[in-house]
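A structural walkthrough
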Amino acid sequence: MIDYIKAYTVDKHIAARLRNTICTQVEVNHATGEISIGEYYGKCSQFKINVYPSGRIQFKGSLHKYYNNGINNSDFTISQVRQTIYSFCELIGFKPENVFLENLEFGVNLHLVQPPSVILNNIISLSCGKVFSEMAGEGLNCKLREYRHKIYNKSSQYNTKDLLLRYE
């Protein structure tokens with residue numbers, strides 16, 4: 001299942017339209033001096049859109065939550081991913097074929113017969129020896145080169161009685 005996406009497109013005409021309509025604040029990256037005009041939170045506040053004076057439009061957020069109106073504890077098929085990308089691109093006004101992917105998060109939901117904490121308490125490292133560390137909430141993460149592995153109790157995130165473990 002695909003969840004979080006970070007991508008961009010470049011189109012000065014669309015950027016100008018977005019700056020004059022949906023974007024409401026100015027952000028400055030003090031490290032680089034780059035100015036982004038505006039921030040927009042779309043349907044269910046799942047996407048942040050930065051519009052830069054150069055015409056670059058960067059968006060990031062959860063496709064899964066966007067599709068499911070703020071919830072991402074279910075399965076999310078590739079056809080649903082495609083439908084969501086097309087819907088989002090249509091909403092903002094650019095073509096999906098002009099979008100460049102920067103980051104993609106994918107994972108799997110595991111339905112368990114025992115509490116996820118039983119598994120989480122027994123994870124030590126990846127097979128290469130890289131050790132997991134605790135992350136906020138009930139979960140673990142391990143950064144390996146350009147990838148990050150996360151495993152956490154998804155049922156506690158939504159306070160459900162399901163015994164659901166998420167691996168990303």
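Residues numbered from 1 in each chain as written. Predicted model: local features only at pLDDT ≥ 70, side-chain atom pairs only at ≥ 80, totals over all residues. Heavy atoms only, no water.

1. Section: the confidence of the model for the protein
Summary statistics for the protein give a mean pLDDT of 83 and a share of 89% for residues scoring 70 or more. Predicted confidence in the protein is weakest over strand β3 (residues 35-41), with a mean pLDDT of 56, and strongest over helix α4 (residues 116-120), with 91. (pLDDT = per-residue confidence, 0-100. Helix = DSSP H or I, 4+ residues; strand = E, 2+ residues; numbered from the N terminus.)

2. Considerations on helix α3 (residues 78-92)
In this model, α3 (15 residues) spans 21 Å end to end at C-alpha, consistent with the 21 Å of a helix rising 1.5 Å per residue. Turning to α3, its buried residues number three or more, namely Gln80, Val81, Thr84, Phe88, Cys89 and Ile92. End-on view of α3: buried residues confined to an arc of 165°, all on one side of the axis. Along α3, exposed side chains directed more than 90 degrees from the buried face belong to Arg82 and Glu90. Trailing α3 by a residue or two, Gly93 shows a phi angle of about 105°, which is positive. (Expected span 1.5 Å × (residues − 1). Buried < 20%, exposed > 50% of the residue type's maximum accessible area, 1.4 Å probe, protein only. Arc of directions from axis to C-beta.)

3. Description of the pairing of strand β4 (residues 47-51)
Taking burial as the measure, the five residues of β4 include four buried ones, the bulk of the element. In this structure, β4 lies alongside strand β5 (residues 56-62), joined through five bridges in antiparallel fashion. Each residue of the ladder has a partner; that of Asn50, found in β5, is Gln58. Linking two consecutive strands that pair antiparallel, namely β4 and β5, is a turn of four residues; a positive phi of about 100° is found at Gly55 within it. (Pairing = 2+ DSSP bridges.)

4. Some details on the packing of aromatic side chains
In the structure shown here, the tally under the stated rule is five aromatic pairs. Measuring from centroid to centroid gives 5.0 Å for Phe59 and Phe88, while their planes differ by 45°, and the two rings are tilted. Here the residue Phe59 occupies a position in strand β5, and Phe88 occupies one in helix α3, the gap between them amounting to 29 residues. A residue is classified by how much of its surface remains accessible, and Phe88, at 2% relative accessible area, is buried. Ring plane angle 90° and centroid distance 5.7 Å describe the contact between Tyr66 and Phe88, whose orientation is recorded as edge-to-face. With a gap of 22 residues between them, Tyr66 in helix α2 (residues 63-67) and Phe88 in helix α3 connect regions that are remote in the sequence. We note that Tyr66, like Phe88, is buried. One aromatic cluster is present, built from ring pairs that chain together Phe59, Tyr66, Phe88 and Phe94. Its end group placed over the ring of Tyr8, Arg56 keeps NZ or CZ at 4.0 Å from the ring centre. (Phe/Tyr/Trp six-rings, centres within 6.5 Å; stacked < 30°, edge-to-face > 60°. Lys NZ or Arg CZ within 6 Å of the ring centre and 35° of its normal.)

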